[in-house]
Amino acid sequence: MTVIEASALTKNFPRPGGGISTVLSGIDLAIAESERVAIVGASGSGKSTLLNCLSGLEPVTSGVVRLLGNDLTSIRSSAMARLYREQVGFVFQQYNLVAALSAFENVALPLRLGRKKVDSAFVQESLRRLGLADRIRSRPAQLSGGEQQRVAIARAMVTDPRIIFADEPTGALDTQNGELVMSALEAVKQRGTALVYVTHDPVLAARADRVVLVRDGRVVSETTGTTAEQIVESLRNAETRS
Ligand SMILES: Nc1ncnc2c1ncn2[C@@H]1O[C@H](COP(=O)(O)OP(=O)(O)OP(=O)(O)O)[C@@H](O)[C@H]1O
């Protein structure tokens, strides 16, 4: 089943000195449930903008994005809020945890916002599964970057979403913590959750089912079974040609 479908997606931003700049141009993309898709490309190629348009964080200039069957160009804000609360999870490079809340409370937050019953054992288990058993009562400032990101992942997963969007989820982490975070994100596949992530790291991108290469706001290739070496090569080619 398709969970995200973009057709003829175009995104313009106003230029600081006047005029507009076309950041995404005519993108067609479909993502299936439980699929892991990595978005790669040179800096400024439009990766984050693409992720934001697919998730509805940014409105598109033209074209259509359907997220779990909802047309994002016409969805009402209340329906969008419900979609985010119940079916979509986000993980950002900067962990975006609430500083005053413990790891447990941060993870329970989407349930509280959705007026769902908070099952303490379930929340604790989700933190334990991510190696955070002894950090449950800690506040973000008391946690390392890798630990904070794993709390953010537990929070994104607590509602059992259909899709997780992650923008450079390992960008601020060393290799070892990056590995822990990536494995945690990859585990969602077992639940049928789709994972769409932006990364600069060819090794992490190679772990996706499909690698989408963006250059100058266009999708120039979509490959499966791609190795890190092939990704390095296509990034090099993309940079030389742009
Ligand atoms: N809100 C905005 N207003 C104006 N221009 C923007 C905005 N957001 C992004 N851009 C521009 O759109 C282009 C693509 O940005 P985007 O962040 O999507 O690229 P990226 O591939 O994710 O880059 P990086 O790898 O450096 O994070 C850039 O030229 C950027 O300056």
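Calculation notes
Residues numbered from 1 in each chain as written. Predicted model: local features only at pLDDT ≥ 70, side-chain atom pairs only at ≥ 80, totals over all residues. Heavy atoms only, no water. Near = heavy atom within 4 Å. Polar contact = N/O pair within 3.5 Å; in protein donor to acceptor, adjacent residues only side chain to side chain. Areas by Shrake-Rupley, 256 points an atom, 1.4 Å probe, with all protein chains shown as cover. Helix = DSSP H or I, 4+ residues; strand = E, 2+ residues; numbered from the N terminus. Nonpolar A, V, L, I, M, F, W, Y, C, P; charged D, E, K, R; others polar. Buried < 20%, exposed > 50% of the residue type's maximum accessible area, 1.4 Å probe, protein only. Contact = heavy atoms within 4.5 Å. Expected span 1.5 Å × (residues − 1).

Naming follows an unreviewed UniProt entry, where the protein appears as Putative ABC transport system ATP-binding protein of Schumannella luteola.

Peer 1: Can you walk me through the site of the ligand in this structure?
Peer 2: Contacts to the ligand come from Phe13, Val23, Ala42, Ser43, Gly44, Ser45, Gly46, Lys47, Ser48, Thr49 and His200. Here glycine 44 contributes a backbone N or O atom positioned 2.9 Å from an oxygen atom of the ligand. Measuring from an oxygen atom of the ligand, one finds a side-chain N or O atom of threonine 49 at 2.5 Å. Here the ligand loses 57% of its free accessible area of 640 Å² to cover by the protein chains. With 3 residues, helix 1 (residues 47–55) is the largest single contributor of residues to the shell around the ligand. Split into classes, the residues belonging to the shell around the ligand amount to 3 nonpolar, 7 polar and 1 charged.

Peer 1: So what exactly am I meant to see when it comes to the side chain of serine 21 here?
Peer 2: Checked against the element boundaries, serine 21 lands in strand 2 (residues 20–32). For serine 21, a relative accessible area of 19% corresponds to the buried category. Apart from the residues lying within four places of it in its own chain, the contact partners of serine 21 are Lys11, Asn12, Phe13 and Arg15.

Peer 1: Which parts of the structure should I look at to understand helix 6 (residues 175–186)?
Peer 2: The end-to-end C-alpha distance of helix 6 is 16 Å, a good match for the 16 Å that 12 residues give at a rise of 1.5 Å each. Every buried residue belonging to helix 6 is among Asn177, Gly178, Val181, Met182, Ala184, Leu185 and Glu186, and all of these are buried. Here the buried face of helix 6 lies against strand 3 (36–41), strand 6 (88–91), helix 5 (145–157), strand 7 (163–167), strand 8 (194–198) and helix 7 (202–205). The residue sitting at the N-terminus of helix 6 and contributing the capping side-chain oxygen is aspartate 174; that oxygen lies 3.2 Å from the backbone nitrogen of glutamine 176.

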